[in-house]
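# Coordinate analysis (summary)
Listed here are the chains, written in short residue letters.
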Amino acid sequence: MKTRPIKISMTSFLDFTLMPDSQKIRKVKEIKYNEYSPGKDYWKKLRDKIVNIHATNNDFSQLDNLLHDIPVNRINNYKEAIKGYRRFLKRYKDFKWFDVQSKLWVYDNLAISVNPELGLFIDGEPYLIKLYFKETTTPAEINLTKSRAANIAFLMFDCLRDDCPEGTKMAVLNVKKGNLIVPDFNVNDQKISIQGSSVHFLAIWEQV
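Figured I'd write up the structure that's included with this text. (Residues numbered from 1 in each chain as written. Predicted model: local features only at pLDDT ≥ 70, side-chain atom pairs only at ≥ 80, totals over all residues. Heavy atoms only, no water.)

## Side note on the overall build of the chain
What counts is decided by this rule: Helix and strand definitions here come from DSSP, where helices need a minimum of 4 consecutive H or I residues and strands a minimum of 2 consecutive E residues; each element is numbered from the N-terminal end. Radius of gyration here uses only the C-alpha atoms, and the compact-globule reference equals 2.2 Å multiplied by the residue count raised to the power 0.38. Relative accessibility thresholds used throughout: buried, under 20% of the residue-type maximum; exposed, over 50%; partly exposed, between the two (1.4 Å probe, protein chains only). Only heavy atoms enter the contact rule, under which two residues are in contact if any of them lie within 4.5 Å. The method behind every accessible area is Shrake-Rupley, applied with a 1.4 Å probe, and residues are considered shielded solely by the protein chains displayed. Charge counting follows a simple rule: Lys and Arg are positive, Asp and Glu are negative, and His as well as the terminal groups are ignored. Where a charge sits is defined by one atom per residue type, namely NZ (Lys), CZ (Arg), CG (Asp) or CD (Glu).
Of the regular secondary structure elements, the chain holds 7 helices and 8 strands. Scaling as 2.2 N^0.38, a compact globule of 208 residues should have a C-alpha radius of gyration of about 17 Å, and the chain matches this with 17 Å. For the chain, buried positions account for 45% of its 208 residues. Excluding contacts between residues fewer than 6 apart, the proportion of contacts in the chain whose partners are at least 24 apart in sequence is 68%. Total accessible area on the chain stands at roughly 11400 Å², and carbon and sulfur atoms take up 48% of it. On the chain, the mean spot of the 32 positive side-chain charges and the mean spot of the 25 negative ones are 5 Å from each other.

Laid out in structure tokens, this is it:
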């Protein structure tokens, strides 16, 4: 009988890969036993609003309306994220949407959900973009390191390059800073690294 695949988010997996070995067991337990809930998704409303605006009318004045529809204890972080996103918008002149796919990156019994939020022609150049919010939440969050950005870009490239316009660049947007990052990476080296982390993850999963 075939074992049911272990499906996890790309964000959770990448958190695991960058944690010290002493914390990896705790992270796997957290992923295994804490189910996802939209109400616990800190950035869901802003993420959904950004996608909706780009996909429809590019009216970014709507972003500020979110501040009336979130818990009070999130307002300051949302303000910082919106300010950073506006910095990103000011760096470019033209944005045109293209449809974005979501797929699973599978290795052995592990299925990682690869789900970039934005497909955009920015000043005529196509980008597939993963929004990165964590640096806005608290200083203790995992920062957007070169390694993390390269892992995200590789997973999007490996799963989704055939579903994108020709020449699409795989990118990560650091929302707080308004920086669009297009990482350089060696496809084969990145694949070996991600597969190695997958083996480690599965070994822990089976024992906790």
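## Notes on the sheet that holds strand β2 (residues 95-97)
Rule in force here: Whether two strands pair comes down to DSSP finding at least two bridges between them. Helix axes are fitted only over the stretch in contact, all axes being lines through C-alpha atoms; the angle between N-to-C directions runs from 0 to 180 degrees.
Pairing within the open sheet is mixed, and its 5 strands lie in the order β2-β5-β6-β7-β8. Because the sheet does not close on itself, it has two edges, and the strands there are β2 and β8 (179-181). Neighbour-to-neighbour, the strand axes of the sheet open up by a mean angle of 40°, direction not taken into account.

## What about helix α7 (residues 187-205)?
Operational definition: Under the convention used throughout, the expected extent of a helix is 1.5 Å for every residue step, that is, one less than its residue count. This arc is built from the directions going out from the helix axis to the C-beta atoms. Polar contacts here mean pairs of N or O atoms no more than 3.5 Å apart (in protein, one a potential hydrogen donor and the other a potential acceptor; neighbouring residues in sequence count only if both atoms are side-chain atoms).
If you check α7, its first and last C-alpha atoms are 27 Å apart, about what 19 residues at 1.5 Å a residue would give, namely 27 Å. Of all the positions in α7, only Gln-190, Ile-194, Ser-197, Ser-198, Phe-201, Leu-202, Ile-204 and Trp-205 are classed as buried. Taken down its axis, α7 places every buried residue within 155° of arc, on the same side. The inward-facing, buried residues of α7 abut β1 (6-9), α1 (10-18), α2 (21-33), β3 (103-107), β4 (110-114) and α6 (146-160). The backbone nitrogen of Asn-188 has a side-chain oxygen 3.1 Å away, supplied by the residue at the start of α7, namely Asn-186.

## Things to note about the layout of surface pockets
For clarity, the cut-off: A cavity, in this analysis, means grid points on a 1 Å lattice covering only the protein atoms where a 1.4 Å probe fits yet has no way out; a pocket is instead an open set bounded by protein on both sides within 12 Å along at least five of seven lines, and a residue lines either one if it has an atom within 4 Å of a point. Grid points are joined across faces, edges and corners, and a volume is the space filled by probe spheres set on the points. In the scheme used here, Gly and all other residues not listed as nonpolar or charged are polar, with Ala, Val, Leu, Ile, Met, Phe, Trp, Tyr, Cys and Pro taken as nonpolar and Asp, Glu, Lys and Arg as charged.
Its volume calculated, the second largest pocket comes out at about 150 Å³. Residue lining of the second largest pocket: Thr-3, Arg-4, Pro-5, Ile-6, Lys-7, Asn-109, Trp-205 and Glu-206, and that is the complete set. Split into classes, the residues belonging to the lining of the second largest pocket amount to 3 nonpolar, 2 polar and 3 charged.

## Re the packing of α2 against α7
Selection rule: By the definition adopted for this analysis, an angle is roughly parallel if under 35 degrees, roughly antiparallel if over 145, roughly perpendicular if from 65 to 115, and oblique otherwise. A clockwise turn of the near helix away from the far one marks a right-handed crossing, whereas an anticlockwise turn of less than a right angle marks a left-handed crossing.
Relative orientation of the contacting elements α2 and α7 amounts to 65°, with a least axis distance of 10 Å. Classed by the angle they form, the pair α2 and α7 counts as roughly perpendicular. For the pair α2 and α7, the sense of crossing is right-handed. Note on element contacts: α7 touches α2 through His-200, Phe-201, Ile-204 and Trp-205, opposite Asp-21, Lys-24, Ile-25, Val-28, Ile-31 and Lys-32. By residue class, the composition of the contact of α2 with α7 is 6 nonpolar, 1 polar and 3 charged.

## Concerning the packing of α6 against α7
Contact geometry of α6 with α7 gives a least axis separation of 10 Å together with a crossing angle of 100°. Classified by the angle their axes make, α6 and α7 are roughly perpendicular. Residues Ser-147, Ala-150, Asn-151, Phe-154, Leu-155 and Phe-157 of α6 form the contact with α7, whose participating residues are Val-187, Gln-190, Lys-191 and Ile-194. Residue composition of the contact of α6 with α7, by class: 6 nonpolar, 3 polar and 1 charged.

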